Amino acid sequence: TRMVDYAKKNGVRAIMIAGDLFDTHNISATARNLVKDTILQNPEIDFFYLRGNHDDDNFLSRLDETPANLKLFGNKWTTYSYGNITITGLELNAANQVTAYNSLVLDHDVFNIVLMHGQLNDYASKNGTEIISLDDLKNKSIDYLALGHYHEYRDGMLDARGAYCYCGCLEGRGFDECGEKGFVLVDIDEYTRHATYEFIPFGYRTLYTIPVDVSGVMTTQEASQKVENVISELGYSSRSMVKIVLCGEVDVDCEINCQFLQDMFQNYFYYEKVYDETSLLIKYSDYEKDVSLKGEFIRMVLNSDLDEEKKSEVIRCGIQALIGEEI
């Protein structure tokens, strides 16, 4: 709805949704009605909706009638024309994937937008997503290939004439979707067929993963100062959601309390959490002749068949237990 408000204020004629408008089979009535009412209340904007691999019929099948400004696509190429501009789309599936490219025929003398949803063929397919072959779309008179599926912005040249672009998602929904989110604004001169496109950062909250090297620290207070320095340098908005990841090598006797750090910085951001991914700096020679329970324990773990990462975890827990810290 915020994006549609932007479109109204900036004279946008059409909004292209390249799939995965919904992310679940069971769409709430609130979500369905919000989308439907937004479309109906903005008749001056055409909404082009091409379903993705996560979309279902639960939205369209619940509509009493399809709004005049909601333009849909199917398993065959469908074209909508606006003078010298066309918008053509196809919902890829297993049945039409082989024939899709040869059946795409566009007018060379107009500005052609093609709308598709899927995964580029240079990546392994996941979640039943159909594969899009950029090579098979070259030299098809495509000026702008609007793609959906990836949740991050990415673009590139399709051929000498056209470009392809993934707009990403409007808001990051987890720490696997960090960075600026938004949409792409395409500005086309109908008569000269010259076009520009621009990524518009629009997410209200941005997610960030912040690595902090705490090598050499011995206490939680020392670690907090390292975190403070990095946060100050980055200057992220207080509306942000952040995951602080402690990394580097620390001494076996180092004391770092992640919950304490999380509480310390909780008012800096809308949401924040702290993860400890440090590794222990352990020299076997330091404990080879150490006549103590700690030395015996560390020697036993170092001589075990555990992998290095697991050894570090076991030693960290064991040292905490020996000094009476909560594990």
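Above: the structure in question.
Residues numbered from 1 in each chain as written. Predicted model: local features only at pLDDT ≥ 70, side-chain atom pairs only at ≥ 80, totals over all residues. Heavy atoms only, no water.

Asks: Is there a simple way to explain the overall build of the protein chain in this structure?
Replies: Tallying secondary structure elements over the protein chain gives seven helices and 18 strands in all. Over its C-alpha atoms the protein chain spans a radius of gyration of 27 Å, topping by over 25% the 20 Å that the globule rule assigns to 327 residues. Seen through its principal axes, the protein chain has C-alpha atoms that stretch 85 × 40 × 40 Å. For the protein chain, with 327 residues in total, the buried portion stands at 42%. The contacts of the protein chain with a sequence gap of at least 6 include a subset with a gap of at least 24, amounting to 60%. Entry remark: accessible area of the protein chain is about 18000 Å², with carbon and sulfur atoms responsible for 48%. The distance from the centre of the 30 positive side-chain charges to the centre of the 53 negative ones in the protein chain is 4 Å. (Helix = DSSP H or I, 4+ residues; strand = E, 2+ residues; numbered from the N terminus. Rg over C-alpha atoms; globule rule 2.2 N^0.38 Å. Buried < 20%, exposed > 50% of the residue type's maximum accessible area, 1.4 Å probe, protein only. Contact = heavy atoms within 4.5 Å. Areas by Shrake-Rupley, 256 points an atom, 1.4 Å probe, with all protein chains shown as cover. Lys, Arg positive; Asp, Glu negative; His and termini not counted. Charge placed at Lys NZ, Arg CZ, Asp CG, Glu CD.)

Asks: How should helix α2 (residues 29-40) be read in this particular structure?
Replies: Note that an α-helix has 3.6 residues per turn; residues three or four places apart therefore point the same way. Here α2 contains 12 residues, and its C-alpha end-to-end distance of 16 Å stays within 8% of the 16 Å for a straight helix at 1.5 Å per residue. Taken together, the buried positions of α2 are R32, V35, T38 and I39. Each buried residue of α2 lies within a common arc of 140° when the element is viewed along its axis, so the set occupies one face. Those residues of α2 that are buried are in contact with α1 (2-9), β2 (46-49) and β3 (70-72). (Expected span 1.5 Å × (residues − 1). Arc of directions from axis to C-beta.)

Asks: Would you mind showing me how to read the nonpolar core here?
Replies: Side chains of nonpolar character tend, in soluble globular proteins, to be buried together. By size, the foremost hydrophobic cluster in this structure holds 27 residues, and its most contacted members are V214, I244, L246 and I256. At the level of secondary structure, the elements contributing two or more residues to this core comprise β14 (207-213), α3 (220-234), β15 (241-247), α4 (258-264), α6 (293-302) and α7 (308-322). Of all hydrophobic cores here, the second largest spans 20 residues; its members include L90, L106, M116 and L147. (Core = buried A, V, L, I, M, F, W, Y, C linked by side-chain atoms within 4.5 Å.)

Asks: What exactly am I supposed to notice about the side chain of E272 here?
Replies: Looking at the secondary structure, you find E272 in strand β17 (residues 271-276). One buried charged residue, E272, remains without a salt bridge, the closest side chain of opposite sign being K273 at 11 Å. In this structure E272 touches V242, I244, L261, Q262, F265 and Q266, once residues within four positions along its chain are discounted. (Salt bridge = Lys/Arg side-chain N within 4 Å of Asp/Glu carboxyl O.)

Asks: Help me understand the pattern of salt bridges, please; the structure alone is not making it clear to me.
Replies: Oppositely charged side chains can pair when the atoms bearing their charge come close. Per the counting criterion, the structure on display carries 12 salt bridges. Put simply, R13 and D46 hold a salt bridge, and the shortest N to O gap is 3.4 Å. With a gap of 33 residues between them, R13 in the loop between α1 and β1 (14-17) and D46 in strand β2 connect regions that are remote in the sequence. For R13, a relative accessible area of 44% puts it in the partly exposed group. Relative accessible area serves as the criterion here: at 7%, D46 is assigned to the buried category. As a salt-bridge pair, R161 and D143 come within 2.8 Å of each other at their nearest N and O atoms. One end of the pair, R161, is in the loop between β10 (154-157) and β11 (163-166); the other, D143, is in the loop between β8 (131-132) and β9 (144-148), with 18 residues separating them in the sequence. Exposure remark for R161: the relative accessible area of 27% places this residue in the partly exposed category.

Asks: Even after reading the chapter, I still don't get the state of the cysteines, so can you show me in this structure?
Replies: With the rule as written, the count across this model stands at zero disulfides. Between C165, a free cysteine, and C167, which holds the nearest cysteine sulfur, the sulfur-to-sulfur gap is 6.9 Å. Under the relative-accessibility criterion, C165 is labelled buried at 1%. Look at C167 and you get partly exposed, because its relative accessible area is 27%. (Disulfide = S-S within 2.5 Å.)

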